[in-house]
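A structural walkthrough
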Amino acid sequence: MKRTYCICSDLPPDSPVWAHVAQRHDTARRSLDGLQVVLKWPATSPTPDGLPADAVLYTHAEVLAVLAGPEWTPPDPELP
Amino acid sequence: MPLTRPTSATSPPGAPAGVVTPPAATSEAVASGGSVTSWTFGAFTDPDGRIDSYSATLVTVTGSGSLSGSGLGPYSITGTADGDAYTVELDALDSDGGVLATAVHTIAIALGALPGDYETGGAVSFDGVDQSISFAGSVNIASDTSTLTLSAWFRRTSNSDYQKLAGIDDGTNGFQLAVSRSWVSGFWRQGSGYAWTGGKTIPSADQDFWIHLLLVSVAGATPTCKMYINGSSVAASWSLGGGASYPISASAASLNLGSPRFGFNEYFDGRAAEVAVWNSDQSANIAAIYNSRQRHDLMDLPSPPDVYYAPLSANGDNTDGTAGGVYELVGNNDGTGVNMDGSERINLADAFAPPTL
C-alpha cells in the first residue's frame, strides 16, 4: 500500500488526527528532541483535518531521507 | 516453482556474422493483481535479415493469466492475481518456422495484502519509518548465558544505511542482525556499550533478492559468533573483542523484528520472513536450515527451532496492539505489530529466486 507521510509538530493525545493515521499517540515515532512526529495514512485517503500548520507531506522515499538525518537518527556507532 | 533469475545480454563473444541474437532478458515486479502493464521486447540483432516472424509463448509458473500481443509487442497479461509468476518467451522465426533466437521476459506479481496467508506462506513488509513487531517474553532461553542461533530471510527495499532486522535482547543486553543493502553484521549491546562483528559484503548482483542469514552467538567468557549468508559460512569465529560480554537475562529476553528495542533508531526498510531462534548452536545444521533456498518447514528438522515465526502473517487489525499480529508456531507467543495497518503482509512468490553468493 502506498502511503502519504507527514512530519509536523507533535500532537496531543486527544487530537482528532490520530483517528485517521496508522499510528497511535504512544507508538508514533518522534524526533530526537521529541518536538516532531511522523504520521502516515493511505495515499488514497484525504489529508486528515487538524494537522498543524507546519505539517509537510512526503513520499516514502522522501521521508526516509529526512528520518536518516541528525534530527531523527543519532550519529552512527562505529561501522564495521 | 521459483522464478529464474534474468540472464544478461546474450550476444556471444566472437559470434560469427549473421547470427541472430536476442535482446537482454527483462523482468518486472507488478504491485497487485489484474492486468499487467504492457511491455515490448527489445529488437533482436539480425544482421542478415533472417527473421521472418515472431512467436510468443506464455510459460506460466504460477497463475492463470492470458497473454495477448504480437510481434515485438506490446504484450500484456490479463486475469492475474497476487502471487502469480510468469515467463514469456518470444521466439524469432525464420521463413521455415525455425527458431533463430529466444527473448525472455519474466513477471512477478508479488505484492498486495493477502488474507488467510497462514497456510500459503508469507512475509511482512516494514516501511523503515516506524514499524516493528514485538514478541514480549517470546524467547525461551535456557539460561542467562545460553548459546543462541537466529535465522531469518530478508530483502531490503532501499539503499539507506544499516538497519536492525531482528534481535534478541532483555532491554539492556542483546544481539541483533544488522543489515544494509550491501552487507550484514552482528551487533551486540551491553548496557550502554556495543560491539560489531564486522560486516560481510553482499554482492551487488544479489542485493535485490532474498538473503538468508544465520547468526550464532556462542556464549562464553569471550563470546564469539558465527555468520552464514545463503548457507555459506562467512565468519567461523568472530571474537567480539573489547571485553564484550553479555548475558541476556533469560527471564526478560524477547525477540524483536524491524527495529531494536535499544539502539539507534534504525528501522528496517524491507521484507522479512521465516524467523527462527534456537537455544543452541545450529551451525552444523546450516545446510538443512538453508535447504538450497527451497521453502520448507523448519519444524520438520531433527532439531526444530525453539521459537519459529513462519510464515510471518501480520494480522490486519494490529495497529492498536491488541491483536496477535504475527503467529508463532512453537509456543503461541504471537507478536504485536507497531504502527502497522495490515497491508504489510505479502506473499512469497518471489522470495526464493536464487542468487548466487
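Just so it is clear, the structure is predicted and the values come from calculations on it, not from any experiment.

Glancing now at the overall build of chain B. Of the regular secondary structure elements, chain B holds 1 helix and 22 strands. Counting every position in chain B, which comprises 357 residues, the buried fraction comes to 45%. Contacts in chain B between residues far apart in sequence, at least 24 positions, make up 66% of those at least 6 positions apart.

It is worth spelling out the confidence of the model for chain A at this point. Summarising the model, chain A shows a mean pLDDT of 88, and 91% of its residues fall at 70 or more. Averaged pLDDT values over the elements of chain A bottom out at 89 in helix α1 (residues 60-67) of chain A and peak at 95 in strand β3 (residues 56-58) of chain A.

Moving on, we get to the environment of G98(B). Within the fold, G98(B) resides in the loop between β5 (85-93) and β6 (99-109). When the C-alpha positions of G98(B) and I51(B) are compared, they lie 9.6 Å apart, and in sequence the two are 47 residues distant.

Here we take up the nonpolar core. Membership of the largest hydrophobic core comes to 68 residues, with the highest contact counts inside it found for V38(A), A152(B), A166(B), L177(B), L213(B) and A272(B). Among the elements that take part in this core, strand β19 (residues 269-278) of chain B stands out by supplying 6 residues, more than any other. Listed in part, the 11 residues of the second largest apolar core include F41(B), V88(B), L90(B) and I107(B).

As a further point, take unusual backbone geometry. All names here are of chain B. Going from G73 to P74, the amide bond is cis rather than trans, its omega being 10 degrees. Even without glycine at this site, N230 takes up a positive phi of about 50 degrees. Note that N230 resides in the loop between β16 (224-229) and β17 (232-239). Taking the C-beta count within 10 Å as the criterion, N230 has 21 such neighbours and is therefore assigned buried.

On to the sheet that holds β3(A), then. Residues and elements named next belong to chain A. Spatial ordering of the open sheet is given by β2-β1-β3, a layout of 3 strands whose pairing is antiparallel. Each of the sheet's edge strands pairs with one partner strand only, and the pair in question is β2 (36-42) and β3. Strand-to-strand twist across the sheet, computed as the mean angle between neighbouring axes with direction ignored, equals 25 degrees. Across 3 bridges, the pairing between strand β1 (residues 3-9) and β3 is antiparallel. Bridge assignment links Y5 to a residue of β3, and that residue is Y58. Sheet contacts for α1: β1, β2 and β3; angle to β1, the most-contacted strand, approximately 35 degrees.

Residue and element names in this part refer to chain B. Burial along strand β18 (residues 254-257) is two-sided: the residues S254 and N256 and L255 and L257 are all buried. As paired strands, strand β8 (residues 132-135) and β18 are joined by 3 bridges and run antiparallel to one another. Its bridge partner being in β18, F135 is matched across the sheet by L255. Bridge count for strand β10 (residues 163-169) against β18 is 4 bridges, and the pairing is antiparallel. Across the sheet, residue G167 finds its bridge partner in β18, namely N256.

Cut-off values and rules
- All residue numbers here refer to positions counted from 1 along the written sequence of the relevant chain.
- A letter from A marks each chain and a number from 1 marks each ligand, given out in the order of writing.
- The model is predicted, so local features are restricted to residues of pLDDT at least 70 and side-chain atom pairs to those at 80 or more, both for listing and for counting; the totals for chains, interfaces and linings are taken over all residues.
- The way it works is that DSSP assigns letters per residue, a run of H or I at least four long becomes a helix, a run of E at least two long becomes a strand, and they are numbered from the N terminus.
- Three exposure classes are used, all based on how many other C-beta atoms lie within 10 Å of a residue's own C-beta (placed from the backbone): buried at 20 or more, exposed at 12 or fewer, and partly exposed between those limits.
- What counts as a contact is two residues whose backbone-derived C-beta atoms lie within 7 Å of each other.
- Each residue gets a pLDDT score, which is the predictor's confidence in that residue and runs from 0 to 100.
- A set of buried Ala, Val, Leu, Ile, Met, Phe, Trp, Tyr and Cys residues, joined to one another through C-beta atoms within 7 Å, is what we call a nonpolar core.
- Pairing between strands is defined by DSSP: at least two bridges between them are needed.
- Where helices are involved, their axes are fitted lines through C-alpha atoms of the stretch in contact, as for all axes, and angles between N-to-C directions lie from 0 to 180°.

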